[in-house]
Structures are given as structure tokens and as C-alpha cells.
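So you can see what is in the structure, the chains are spelled out below.
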Amino acid sequence: MGKHSIASQALSGIGVAALSLALSGPAAAEDKLNIVYTHHSSASNPFWQAVKKGFDDACAKIQANCQMVFTQTEGSIDQEVANQQAALARKPDALITTLVDNNAFVANLKDAKAKGVIVIASNVDATEGPELELRQAFVGQNFVPAGTTLGRRMAALFPKEGPLRVLVGVNSPGQNWSEQRAKGIMHGLEEFKKANPNREIVIDRLDVSADGAVVSDRVGAYLSAHPDTTAYIETGLWHSNVARLLKDRNIPPGKILLGGFDLAPQVIEQLKSGYIQVEIDQQPYEQGFLPVMQVYLEKKVGLAPADIDSGEAVFTPDQADQLMGLAKQGLR
Amino acid sequence: MRNLFRIYLEKPELAGVALLVFLAALFEARSAGAFLSGDNLRGILGLLPEVGLVSIGVTILMICGEFDLSVGSTFALTPMAASLLIIAGVPALAAILLGLLLAAAIGFANGFITLTFVIPSFIATLGMLFIVRSLTVVISGGFPPLLPDDLATGEFTQFVGPGGLFRTSFIWFLAIAFAASALIANSNVGNWIKATGGHLEAAGAMGVPVRRVKLFCFMLCSVMAGFGGIIQVFRLHSPLPSIGDGLELQAVAAAVIGGTALSGGVGTVLGAVVGALLIRVIDNGLVMTQVDANWFKFAIGALTIFAVVSNSWLRRTARRIKVAG
């Protein structure tokens, strides 16, 4: 067989494969509910794997045709907007989405409303503006109170005497979830400051980014400049990287207190090792699972979706073993 | 066969057009007719001008034999500066023009550093990528400022045309693409750009002002990126400091997929547009057909390598046939 005939056979093989792919059509059956979940996170964020598991499990239970669309770049709002647009062009029955910006999604949500697509915000809601009117419900954490709880719980662990220096890490400046949690944390810390007027308390706020490696670099630099830091509290889950940094620098657990949000296996590991003292969970599995059930109820029974607070459960090192079991099942 | 090669030599971007048609047919069949629906085309065409403008600028600069990795950052800084000016009370048009002037200054700096210190533009603009991104975050304080609610952005974002199929940004994009295409294909400057990129020393010897030509291309590239960024910010109505992250590589991929040679001297504006459209179509098509969108970067990467390999093979073969003929 000559070179050319091998090449032409290969080409025709590719052609046939492409044609059969084209002709096989979409897998969705006509009567199944079509539900799309778009958000601002990339697939490398472990938190979202638990949301995805909840979403997939719920979809399997009601036999819906479901799709979760990640962004290519972590936190990219313009990519989320583009993904929403593509998803809405197929006129799904429901769009579940995060609303991390108060303006960027307005046009898409109006489009969804015009097409009769159910819109449920999950994980992150808008804080003000027209998006709140355009989505039917929100399933997720109430960020400001959750931040306040974290601030208070961390303050309760501060040394009883001497000056204090606390670093608050804002992971995504300008994004609703991060800003609101930071606002809550600051509120909790300010309460402590007011209650202790005679103590010297410095609270610094830093853009630490939402990339574990960068977080550890920036916080590491801050700690080098201020070795007397009492605590690092952040709005996300990247403080597990800071825990690793402390270990590398031979700083014992508990010398610099760490607290943050969300449970991922890496975070639970550092809770267990004693480097992280307080963690606030928002039950990501529920944030994937419950919106699907709400869509089902609206479509099949006519019950309107309603807001659900997925909580601000506080976790401490003594619960780490139990949490790890759930994390291994993808539920935490 | 010989005819096909002749067509390829004259219009290398046609290979991209053929791939575009194939992918559109594939996605259309897989999405049960939703891909080519007015709704989805509105989405694709609404986003195309942003990456498309950046790709045109990058392509022209690559034809001129240089590279700009700072376009993604300029894409963010220009609208951030314009937005802050608007918030400070400067009229919108003046703020946009000042923003574009800033973009031109970045382009000038890129060119000046590259040419004066005789360093690869790849390195000079890599440095600028970091500097400009940092400036964006610094001037915004890390927080996206709030654009006034009553800011009229219809000239850039309003839906127009039959069934509201296009945004006004698409008309801007078409006009700029035509102008850029005419510049490259039918003007003295275009010939200078191709000569500077393809045969630098010969061009210089023949009296082409190569330094000025390169500076012009650097500035044009930055202004295009800045304008793309302004359109995106007006569409989202939110000047985010993170926009355009990674866009530089998508723009280079679009240029290469569209037939632009990395060695300079070869390339067309139409190729850049086709390349950018291919990237948007793949991004959108993967979501529409429910393929795991995490394959997007894989697809763009594979397509880029495939385009470069096949372009260089086709070019060699076509030349051989020409010589033999």
C-alpha cells in the first residue's frame, strides 16, 4: 500500500467519524428538562467539584439533561457571560448561575426572562440592581453574616494580652462574594477592637488573589515584613497554601492563626494538622443539588423557587476526621 | 491539485474558511439547529469584535515581523483609564480618546524599547504585559469602579440590523477590518509593512523607513487592543481589572490559524478575522453541543499546531510546484 493511499484512507476515516458524530445528533431526549449551570470558576477549583457532584446527582435523580460550564480562567466574568449566552441560545428550561457582578449579567438575564427560562442564582448573588429582580431565587450563603461569624470566631482565639496584627486577605477584589465576606470579617474584627479599646490592634487588608501559589507568595511576603502577625483570615479557601508555607518556615501550628471559607480536602488536611483554626462552610453540594430540585418543582408541580440559605456552619480541627470522610465522597 | 495550490498561495486564509464551514455544520447538526439560530449568532457576533480587533492588530504587527504580548493588559488598562476619567466627570468621548491615546503610548513604548535597545519584541512586550496589568490594578485600587448608570454606550453595544443580529460594535469591527485590510493589501504603507517583515535589510536598503513602520505597527496594535477592551467593558457595563487575561495568546493563535507566518512578511487581515471567528465558534460550539468545555484550550492548541504545520507544508509544496511548473 502506497503512502498516498494510507493517507487518503486515514482522511476518509476521519471524515466518516466526523460525519457520524454530526449525524448522531444531541443525546437529549425531548421530554427531559434541560438545565445549564454557569459560573465564574475554572475546573481546577476543588470547591466546584462538590457543587458539580450535587448538580449531577440531582440531575440523575430527575433524569434531566444537564450541563455545568466552567470558565477557562478562574474568576473570569466575561467568560461566564459568554458561556451564559451560548447556553441561553439553546433555550434551556433553566439557567442556574452565579451573579458575581451587579451589572455584567443583566442583558443575559433579560434575555432568559424573555424566553421563559427559569433563572436561579446559586453560590453568589447580586448585592443590588436589576439582576435581583431578574433571578427567581438564590441558593447559597449569606456572605456578610458568614464573614462576621468568621471574624468573631477568630477574634475569640486571639491572645488575651499584648498588641495584635491581623491580615485580611481579599481573594477577588470587586467580586461580590469576596467583598461581602471581607466586609463581614472586618465587621467582626471591628467589634473586637471596640470591645478592647486599650489594646493596640492593627488590621491590614490585602488583595491576595485567587491563585494558591500567589496567595502563599503575597502572604509570605507580608509575614516576612511583619513576623508579629497574629492571624491571617481570608475570604476563600487558599489559606491552606499559607498553612503549607508556615510549615515550610517551621512556624508551629497555632502561632499564626488561620481562618477562611469552604471545605476542600486540602483545607481539611490543614484543619487536621492544626494550622487552620476556623473554617466556615457553605455546603457546596447543596448549592448544586437544590436549585435542580427547585427547577423540577416549578416545572412539574408549579411551585416557585424560593431563597435557601445554605448556611454558615463553623468547623474546627476536632471535626476534621469526620469531614475528610465526606470529602472523599465528594460531598464536602 | 495544482489549481488548489495556486488558490492557496493567493488566499492562504481560505483553509481557515473551509474549516469554519465544516465546524459550523458539525455544531449545527450536534446542537439540533441551535448553533446557527439568530439567537446564538447574535451571541457569537456580539463577542467577536473584542477578540477580533486584538487579532487584527497582532496580525499586522506579526506581518511587520514583531510581536506584542502586552495586548491583553492594554485591553484592560485602556477601558479602566477611560472609565475612571468618565467617573471623574470627563465627557465620554474625550475619555475614550484619552484612553486610546494611552494605548498608543504603550505601543510606542513597546516599539521604542524594542528598536532602540535591539531586543526581541517578545521580551520587551512580555515585560510590558506585567507592567500594564499592574498599572490597571493600581489605578483601579483593585476594585472595579462603577460606571454611571446613565452612560450612553449604544454606539458600541446596541443591537442593530435585521432581527437585532449585530451589536453596533460589529459595525465598528467591520469598518476597521476593511480599512486595515485595504491598508495592508492596497497601500504603500501595506507594502512597506510586508517588506519590513519579510525582508528587513532589503526593505531598508530600498528606502523603506523600517523603524517608523515598526513603531506605527506597534502603536496600531495597542490601539486596537485598547479599543477592543473599551467595547467589552461597555458591553458588560463593568470595568473589571481582570479582563483580557490570556487574550494575547488567543490573538497570536488567531493570527497563526489565519495563515500569518511567525517569520513575518506573510498574512492578511481576513486571516486574522477568520482565526478569531474560529476561536469564538469553537468556544461557543463546545458549550452548545455539551462537550466538556475544558477541552477548549486543547482544541485551540491542536488547531494552532495543525495550522502552522499544514501552512508550512502547503507553502513548501506550492513553491515546489511553482518552481517545477
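Residues numbered from 1 in each chain as written. Chains lettered and ligands numbered in written order. Predicted model: local features only at pLDDT ≥ 70, side-chain atom pairs only at ≥ 80, totals over all residues.

Some points on the overall build of chain A
And step 1. Along its length, chain A carries 12 helices and 12 strands.
And step 2. Over its C-alpha atoms, taken along the principal directions, chain A stretches across nearly 80 × 60 × 35 Å.
And step 3. For chain A, the residues scored as buried account for 50% of the 332 residues in total.
And step 4. Considering only residue pairs separated by 6 or more positions, chain A has 76% of its internal contacts joining residues 24 or more positions apart. (Helix = DSSP H or I, 4+ residues; strand = E, 2+ residues; numbered from the N terminus. Buried ≥ 20, exposed ≤ 12 C-beta atoms within 10 Å, placed from the backbone. Contact = placed C-beta atoms within 7 Å.)

Re the interface of chain B and chain A
And step 1. Listed by partner, the interface residues are 33 residues for chain B and 30 residues for chain A.
And step 2. Of all the elements in the fold, those that place two or more residues in the side of chain B that touches chain A are helix 2 (14-30), helix 3 (38-63), helix 11 (210-236), helix 13 (269-288) and helix 14 (296-324) of chain B.
And step 3. A class-by-class count of the residues in the side of chain B that touches chain A yields 15 nonpolar, 13 polar and 5 charged. (Nonpolar A, V, L, I, M, F, W, Y, C, P; charged D, E, K, R; others polar.)

Section: the sheet that holds strand 11 (residues 308-309) of chain A
All names here are of chain A.
And step 1. Across the sheet, which stays open at both edges, the 6 strands sit in the order 2-1-3-4-5-11 with parallel pairing between neighbours. Two strands bound the open sheet, and with one partner strand each, they are strand 2 (65-69) and strand 11.
And step 2. With 4 bridges joining them, strand 1 (residues 34-38) and strand 3 (residues 94-97) adopt parallel strand pairing. Counted as the bridge partner of valine 36 is leucine 95 from strand 3.
And step 3. This element, helix 2 (residues 46-62), spans strand 1 and strand 2 of the sheet and lies at about 170° to strand 2. (Pairing = 2+ DSSP bridges. Axes fitted to C-alpha atoms, helices over the stretch in contact; angles between N-to-C directions.)

Some remarks on unusual backbone geometry
Residues and elements named next belong to chain A.
And step 1. With a phi angle near 50°, lysine 91 is a residue other than glycine that sits in the positive phi range.
And step 2. Mapping lysine 91 onto the fold places it in the loop between helix 3 (77-89) and strand 3.
And step 3. The class of lysine 91 is partly exposed, set by 14 C-beta atoms lying within 10 Å.
And step 4. In this structure, serine 209 is a non-glycine residue whose phi angle is positive, near 75°.
And step 5. Here serine 209 is to be found in the loop between strand 7 (201-207) and helix 8 (212-225).
And step 6. The exposure class assigned to serine 209 is buried, which follows from the 22 C-beta atoms found within 10 Å.

A closer look at the packing of helix 5 (residues 92-116) of chain B against helix 11 of chain B
Residues and elements named next belong to chain B.
And step 1. Where helix 5 contacts helix 11, the axes come no closer than 7 Å and their chain directions differ by 140°. Remark: the crossing between helix 5 and helix 11 carries right-handed chirality. Between helix 5 and helix 11, the residues in contact are Ile96, Gly99, Leu100, Ala103, Ala104, Ile106, Gly107, Phe108, Asn110, Gly111 and Leu115 and Arg211, Lys214, Leu215, Phe218, Met219, Cys221, Ser222, Val223, Ala225, Gly226, Phe227 and Ile230, respectively.
And step 2. Considering only residue class, the contact of helix 5 with helix 11 consists of 15 nonpolar, 6 polar and 2 charged. (Left-handed = near helix turned anticlockwise from the far one by under 90°.)

Structural notes on helix 11 of chain B
Residues and elements named next belong to chain B.
And step 1. Between its first and last C-alpha, helix 11 extends 39 Å over 27 residues, near the 39 Å set by a 1.5 Å rise per residue.
And step 2. The buried fraction of helix 11 is high, at 25 of 27 residues.
And step 3. A positive backbone phi angle near 55° is found at histidine 237, which sits one or two residues after helix 11. (Expected span 1.5 Å × (residues − 1).)

Remarks on the pairing of strand 5 (residues 137-140) of chain A
All names here are of chain A.
And step 1. Pairing of strand 4 (residues 118-122) with strand 5 involves 3 bridges; the strand directions are parallel. Directly across from isoleucine 120, in strand 5, lies its bridge partner alanine 137.
And step 2. With 2 bridges connecting them, strand 5 and strand 11 associate as parallel partners. Counted as the bridge partner of glycine 140 is aspartate 309 from strand 11.

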